[in-house]
Structure formats: structure tokens, C-alpha cells
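# Commentary on secondary and tertiary structure
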Amino acid sequence: MKPGLVLFDNDGVLVDSEPIANRALAGLLTELGVPTSYEDSLRDYLGGTMARVHTIVRERAGVTLPDDFDHVYHERVFAGFRAELRAVAGIADVLAALDLAGVPYCLASSGTHERIRLALTRTDLIGHFPDAVRFSSQDVAQGKPAPDLFLHAAATMGVDPARCVVIEDSPLGVEAARAAGMTVHGYAAMTPPERLADADSLFKDMADLPELLGIGTVSPGFPGRGI
């Protein structure tokens, strides 16, 4: 059965931003006296909000990050986006397939609206996601792993959570989708599959996603909405 709504995470699912963002985060934390490797950053912060970063660093290292931490971090991430960000391979074809099948979709990300907008613009995906279908953790009281963001997106789009399907690449996102009562497919191209074990299914290639969504398979190169 086709879903009533597909909710896409942004970082790591629509845009290949996780390497850029986690290099920046690990580097900045290390500079501030909290030694953090790239692998540490992926393990501890992938899919979470900036508030979660502050909480974990304070609880584990006893360090309160400076007031300008988020600003400096985003400056570095945005510079990386402008220099090297690309769309996830095959995602444009998935969005085209959803358009052709008449299945609505939206974006629900832990990132800020500014970060989402820049990432989509830089990767030419912005036409698929007008303002009305972009949802950020800034819109809710609690970000992932709480279900608030996904439930807010579904309510705004007018779709019962039971008819929603989430596409996620982080354990926090999978946990949030499960808590929201939604089906979730884990994208394990970069995330170790065992970290997404609570998802309803796992896939490593975007070419496999249309079949998981019940809309068949597509040939590459279909024009997408607004592209």
C-alpha cells in the first residue's frame, strides 16, 4: 500500500552533509578542550539537535560550551556546504517517483531552517520542498529522539501518523519515528546497519526505496517537482 505521507530526514538522507558537519563538530569541540574524533561525533551526535550536543558535553565532560558555539559551528558547516555539498546519490529519482505516484512528502530535520534551506538550495533540491513542507526541530519543544517533530509534520500535512513512512539514517531518528507510531525505513549507506536495527527495514541504495514505498521502480532521469 502506498503511504499517506513520506517524511524525509535531511542530513544524510537528502543531502550528503554528515561528513562535513561531523568533521566541523569534532574539530570545534576538540579546540574547546573536549577531545572528539570524527567517529565520536558520528556515534554521539548523528541526527540530534544542537541542544543535545550542549547537554552531552556538559554531562560527560563537565564543560559548558560558549555562547557563540552554535554560531561558530554553523559558520564552518555552511562554508563546507558551499564548497562541497552534494545531494545523496539517487534521491532525485526517488522524489520524481513519488511525484509520479502522487504520494505527498515532506522534510523533517533536526537542523535549523537556515541550514535546511542552504542545503537544499546548494543541491538543487529546493524545488521539491517549498516552505510549507519543511519542518525543523526549531518548530517543536523537543527534537529527536522525541516524536514531536514527526507528529507536528504529520498533523500539519493532515495525515494520520499510522499512514506515514519515515526515511532516516540515524538511531535518534529511528527512535523518534517509532515513538510517533510511524513506519520507518533505515538508510544504512553510511550508518552501520546494527545502529538502525529498530527500523522496519534497512536499505543501502536509494534505488531500492521506491519499491519499499510501494510505488514500484523507476528509471533514472525523471523530472521532479519544481526542478
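Our subject in this report is the structure included herewith. Note that the coordinates shown come from a computational prediction; the quantities given were computed from them, not determined experimentally.

### Considering helix α3 (residues 50–61)
The end-to-end C-alpha distance of α3 is 16 Å, a good match for the 16 Å that 12 residues give at a rise of 1.5 Å each. Those residues of α3 lying buried are M50, V53, H54, I56 and V57. Summarising the contacts, the buried residues of α3 are in contact with α1 (18–31), α2 (38–45) and α4 (69–84).

### Re the pairing of strand β4 (residues 164–168)
In terms of residue burial, β4 counts as a mostly covered element, since five of its five residues are buried. Across four bridges, the pairing between strand β1 (residues 5–8) and β4 is parallel. Bridge pairing links L7 to V166 in β4. With four bridges joining them, β4 and strand β5 (residues 183–187) adopt parallel strand pairing. Bridging from a neighbouring strand, E168 pairs with G186 of β5.

### Focus: the nonpolar core
One finds F8 and L98 to be the most contacted residues of the largest nonpolar core, which totals 70 residues. Ranked by residue count, the leading element in this core is α1, at six residues.

### Remarks on unusual backbone geometry
Backbone phi values are negative for most residues with the exception of glycine, while trans is the configuration of most peptide bonds. Residue K144 is joined to P145 through a cis peptide bond whose omega torsion reads 20 degrees. By secondary structure assignment, the location of P145 is in the loop between β3 (134–136) and α7 (148–157). In this structure, D124 is a non-glycine residue whose phi angle is positive, near 65 degrees. Mapping D124 onto the fold places it in the loop between α6 (113–122) and β3.

Cut-off values and rules
Residues numbered from 1 in each chain as written. Predicted model: local features only at pLDDT ≥ 70, side-chain atom pairs only at ≥ 80, totals over all residues. Heavy atoms only, no water. Helix = DSSP H or I, 4+ residues; strand = E, 2+ residues; numbered from the N terminus. Expected span 1.5 Å × (residues − 1). Buried < 20%, exposed > 50% of the residue type's maximum accessible area, 1.4 Å probe, protein only. Contact = heavy atoms within 4.5 Å. Pairing = 2+ DSSP bridges. Core = buried A, V, L, I, M, F, W, Y, C linked by side-chain atoms within 4.5 Å.

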